[in-house]
Amino acid sequence: MTHGRKIRILTAALLVAGIASAALAQTPVPGQPPSAPAPVVAQHAPERASARVEDLIARMTIAEKVGQLVLLSSNRAVTGPYTTPDVTGALERGELGGIFNTYDVAFTRQLQETAVKHTRLGIPLLFGFDVLHGHRTIFPVPLGQAASFDLKAIEGAERIAGREAAAAGINWVFAPMLDVTRDPRWGRIVEGAGESPWLGGQIGAARVRGFQGERLDADDSVAACVKHFGANGAVESGRDYTATSVSERALREIYLPPFKATVAAGVRCFMAAFNTFDGVPGVANRHLLTDILRKEWGFQGVVVSDFGAVEELVTHGIAADREEAAKRALTAGTDIEMQGEAFRRDLPRLVASGAVPMAVLDDAVRHVLTFKEELGLFDKPFGRMDEARERTALFAPAHRQAAIELAEKSLVLLKNDRETLPFSPDVRRIAVIGPLADDRADTLGPWAANGQPDDAITLAAGLRQVLPKAVVEVVSAGSVNGSSPEARAAAVAVARTADVVVLALGEKSTQSGEAASRTDLGLPGDQMELARDVLAVGRPTAVVLFHGRPLVLTPLVKDAPAILSAWFPGSMGGLAIARTLVGENEPRGRLPVTFPRAVGQIPIYHDHLRTGRPPTNPPRPYTASYLDEGTEPLFPFGYGLSYTDFGFSPPRMAPIVKAGEPIAVAVDVTNTGRRPGTALVQLYVNQPVAEISRPVKELRGFQHVALKPGETRTVTLSLTDADLAYWHQDGRWATDAGRFRVMTGANVADLQAAEFTLQN
Ligand code: BGC
């Protein structure tokens, strides 16, 4: 064994989150894995809840108990809010724990009144909704927000989203989505924070803090629910709902860290996933839901299934019928069934016959009632139902301002030859060409909750606001999926008359998100042909991309002088983009995910392991190369340009560090260009020799620094032992003593390194 002595970490779970304050107990074990496992956190679930909750449980019938585990969808239809007779019947009998896809104070109040005033026990309802990037004020899609690398701004956006949702009667949001993924074919990559488990944890915790605020029972707070537990980001072939095939190590080191970080941040709800891990779907996966979540991590909140996932156990072939599915899900650790029949139709019988012990049912009910109590629902069931607040909170001016600012921070400048951008604010004629130039719904992006397309400021509208004296001519030139030679010719004619051209290309919002997997990640339809025709005119041209995933931009990067990634930027997105195109805002976003050159390179991500036969350029036989493509990405993780340039010094730190002491890493950053700008210093670590092969570079720190032209500032980033830990072969988190490399710089492919030794 080459890794030398180990530093044992008692609170294994804390390490996953990279929690700086993790208590470290150092137990050097020369050359040996330890014999006895370290104690894990807490036991399974609260033995007893509050007196109120225990009293209720003592008085509930089996049907009422099971009812608390039932969550059904209602809706706000075009004709107005409605419930199905099924939902109304269950509600009136006191056999419904929560309703989702419902908002508006008037409607939620009416439903809550039935629950509280007209049922035997008066237990209040949960109101759940998917609030992925804003409720009414829509922020950039989560992947775009991650590109801001701005935890404060992200937390602020979720505070606003939570406040707006709470003002509309909602008390529970099915967010944040924490699935780490390395497969951009998967449409749901748009909902997460990209490929870095550590960044996913930082952002996930910020989102939970934002939704839940200082107090979960406050009228303007909502409970977050992290999803999809677990390893959903590893679905095979990038297709939704497929199996995963990942090891326990990959589960621990890649897919679980963001979830663990949110437990530390106080999240009270987990959503169990559709997909299998080790052959067992999330909702029936005892290893995930009970052994890890409850026993190891000490989670005492509530676990809800994904939509209809309990009944799908039959389709997966791990339950013979719906009844067995109900039993497997509940006994594995799923408390609430979202939209299905299994719990409500079959559990009463299973419990009455003793096939499912009453104690198991009570435990799940205890989790749900405690969750409701923590939300303040017993004391103030109508606290989030205030019409006056609803009128003023939604799309409030301060919320719109925050949406502009976060949209600006999320923009990533991918290319800017010959300083094509920023355009002069004096331009007189602008041609905005492409299917996404003026589309409101596509400006909002997928899963836009209660976002109203009519509120959205498109790119064309944003340019008109920012350049009121200019003529802004808009040509859609067909749709995202196709144009015609005539439409492209018309676009070319308009480009010829313009001083500058903006090409608005990319995906429709429906081409990203759930059940929106793709195999061809190039620009859909014939947008590349449109781009070529318009670029051939030779006007100064910037491409603005709308997209929810890394696209394969290889031909576009060859031809276009300037490319700005806007993701799906949200309600105020067009204004943020326009201000950036004319230099009122300096682009500062960085990629939270690697952009491949070709789909065949997938999976491609920065924190991969080494190989015994590193790829060579040009490729030599018997190396880890492709015959027909390089192994480097098109754009690496952390990449993004500014309108100015930055220089970075190598990292400086003490050569020898004692375990348990913080490790300070200093970097000098200089603005070497002619405009002010904000650099993002990134810090990566690597352990050159360990018990297992370790990733070549793992992100462990970042910091923004705003600099005037010519200015230099020293940025100090700090590391802890926890940031260096990994899942050892004996099944625990630990940090080894020995050599570590620290790398800092502009992005994962542009770093300078130094080494230190960690001593016990
Ligand atoms: C999705 C979840 C979502 C749920 C409720 C499911 O299809 O996977 O992320 O929360 O629907 O809308």
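Residues numbered from 1 in each chain as written. Predicted model: local features only at pLDDT ≥ 70, side-chain atom pairs only at ≥ 80, totals over all residues. Heavy atoms only, no water.

We now examine the overall build of the protein chain. The secondary structure content of the protein chain amounts to 23 helices and 30 strands. Taking 760 residues into account, the globule formula puts the C-alpha radius of gyration at 27 Å, and the protein chain, at 26 Å, falls close to it. For the protein chain, the spread of C-alpha atoms along the principal axes amounts to about 75 × 70 × 45 Å. Buried residues in the protein chain amount to 62% of all 760 residues. Once local pairs closer than 6 in sequence are excluded, the contacts in the protein chain between residues at least 24 apart make up 79%. Element-wise, carbon and sulfur atoms account for 51% of the exposed surface of the protein chain, whose accessible area totals about 26800 Å². Distance between charge centroids for the protein chain: 3 Å, based on 79 positive and 85 negative side chains. (Helix = DSSP H or I, 4+ residues; strand = E, 2+ residues; numbered from the N terminus. Rg over C-alpha atoms; globule rule 2.2 N^0.38 Å. Buried < 20%, exposed > 50% of the residue type's maximum accessible area, 1.4 Å probe, protein only. Contact = heavy atoms within 4.5 Å. Areas by Shrake-Rupley, 256 points an atom, 1.4 Å probe, with all protein chains shown as cover. Lys, Arg positive; Asp, Glu negative; His and termini not counted. Charge placed at Lys NZ, Arg CZ, Asp CG, Glu CD.)

Below, the discussion takes up the pattern of salt bridges. Inspection of every chain in the model, using the stated rule, returns 57 salt bridges. E387 is paired through a salt bridge with R109; the nearest N and O atoms lie 3.8 Å apart. Of this pair, E387 sits in helix 16 (residues 387–393) while R109 sits in helix 5 (residues 105–117); the two residues are 278 residues apart in sequence, bridging distant segments of the chain. Between E374 and R268 there is a salt bridge, with its nearest N and O atoms 2.8 Å apart. (Salt bridge = Lys/Arg side-chain N within 4 Å of Asp/Glu carboxyl O.)

Bringing the nonpolar core into the picture now. Counting 92 residues, the largest nonpolar core has L69, W172, F229, F270, W297, V304 and L369 as its most contacted members. Broken down by element, the residue count for this core peaks at 6 residues, all from helix 15 (residues 358–374). When sequence neighbours within four positions are dropped, the list of residues in contact with L369 reads V53, L56, I57, M60, Q68, I123 and F378. The next biggest cluster of nonpolar side chains, apart from the first, holds 83 residues, and it includes V432, V475, V593 and F595. (Core = buried A, V, L, I, M, F, W, Y, C linked by side-chain atoms within 4.5 Å.)

With parallel pairing, the 6 strands of this open sheet are ordered in space as 8-7-6-5-2-14. Each end of this open sheet is capped by a strand with a single partner; those strands are strand 8 (223–224) and strand 14 (337–338). The pairing of strand 2 (residues 70–73) with strand 14 spans 2 bridges and is parallel. Each residue of the ladder has a partner; that of L71, found in strand 14, is M338. (Pairing = 2+ DSSP bridges.)

The terminal C-alpha atoms of helix 8 (residues 197–212), which comprises 16 residues, lie 22 Å apart, in line with the 22 Å expected from a rise of 1.5 Å per residue. Positive backbone phi, approximately 60 degrees, marks G213, located one or two places after helix 8. (Expected span 1.5 Å × (residues − 1).)

Tallied over the entire structure, the rule returns 7 cavities of 30 Å³ or more. Of the pockets and cavities examined, the largest cavity occupies roughly 90 Å³. The wall of the largest cavity is formed by 13 residues, among which Q68, G94, T119, G122 and I123 lie closest to the centre. Split by residue class, the lining of the largest cavity holds 7 nonpolar, 4 polar and 2 charged. When its volume is computed, the second largest cavity comes out at roughly 80 Å³. Along the wall of the second largest cavity there are 15 residues; nearest its centre are M177, L178, G192, A193 and G200. Considering every element that reaches the lining of the second largest cavity, the biggest residue donor is helix 8, with 4 residues. In terms of residue class, the lining of the second largest cavity is built from 7 nonpolar, 5 polar and 3 charged. (1 Å grid on protein atoms, 1.4 Å probe; cavity = no way out; pocket = protein on both sides within 12 Å on 5 of 7 lines; lining within 4 Å. Points joined across faces, edges and corners; volume = space filled by probe spheres on them. Nonpolar A, V, L, I, M, F, W, Y, C, P; charged D, E, K, R; others polar.)

A full pass over the atoms with the stated rule returns 21 aromatic pairs. On the basis of an interplanar angle of 70 degrees and a centroid distance of 5.9 Å, the ring pair of F100 and F174 is categorised as edge-to-face. Remark: F174 occurs in the loop between strand 7 (172–173) and helix 8 and F100 occurs in strand 5 (residues 98–100); sequence separation between them is 74 residues. Judged by centre distance (5.7 Å) and plane angle (25 degrees), the rings of F740 and F756 are stacked. In this pair, F740 is assigned in strand 29 (residues 738–747) and F756 in strand 30 (residues 750–759), connecting sequence segments 16 residues apart. The burial state of F740 is the same as that of F756; both residues are buried. Through successive ring pairs, a cluster of aromatic residues spans F100, W172, F174, F307 and F371. Over the aromatic face of Y605 sits the side chain of R182, whose NZ or CZ is 4.2 Å from the ring centroid. In this arrangement the basic side chain of K227 is found over the ring face of W447, its NZ or CZ atom lying 5.3 Å from the centre. (Phe/Tyr/Trp six-rings, centres within 6.5 Å; stacked < 30°, edge-to-face > 60°. Lys NZ or Arg CZ within 6 Å of the ring centre and 35° of its normal.)

Turning our eyes to something else, we now look at the pairing of strand 18 (residues 500–506). Among the 7 residues that make up strand 18, 7 are buried, leaving the element largely enclosed by the rest of the structure. Covered by surrounding structure in strand 18 are V500, V502, A504 and G506 together with V501, L503 and L505, the residues of both alternating faces. Sheet topology places strand 18 next to strand 19 (residues 541–546); 6 bridges connect them, and they run parallel. Following the sheet pairing, V502 is matched in strand 19 by A542.

Neighbouring the ligand are 13 residues, the closest being D130, R188, H228, D306 and E514. A distance of 2.7 Å separates an oxygen atom of the ligand from a polar side-chain atom of D306. Between the ligand and E514, the relevant distance is 2.8 Å, taken from an oxygen atom to a side-chain nitrogen or oxygen of the residue. For the ligand, the accessible surface in isolation is 320 Å², of which the surrounding protein chains cover 92%. Its residues assigned to classes, the shell around the ligand shows 7 nonpolar, 1 polar and 5 charged. (Near = heavy atom within 4 Å. Polar contact = N/O pair within 3.5 Å; in protein donor to acceptor, adjacent residues only side chain to side chain.)

Next up on the list: the pairing of strand 25 (residues 698–707). Taken across its 10 residues, strand 25 has 7 buried, putting it largely inside the fold. Two strands pair when backbone bridges link them, and strand 24 (residues 677–686) and strand 25 are joined in this way by 9 bridges, in the antiparallel orientation. The residue bridging L680 from the neighbouring strand is H704, located in strand 25.

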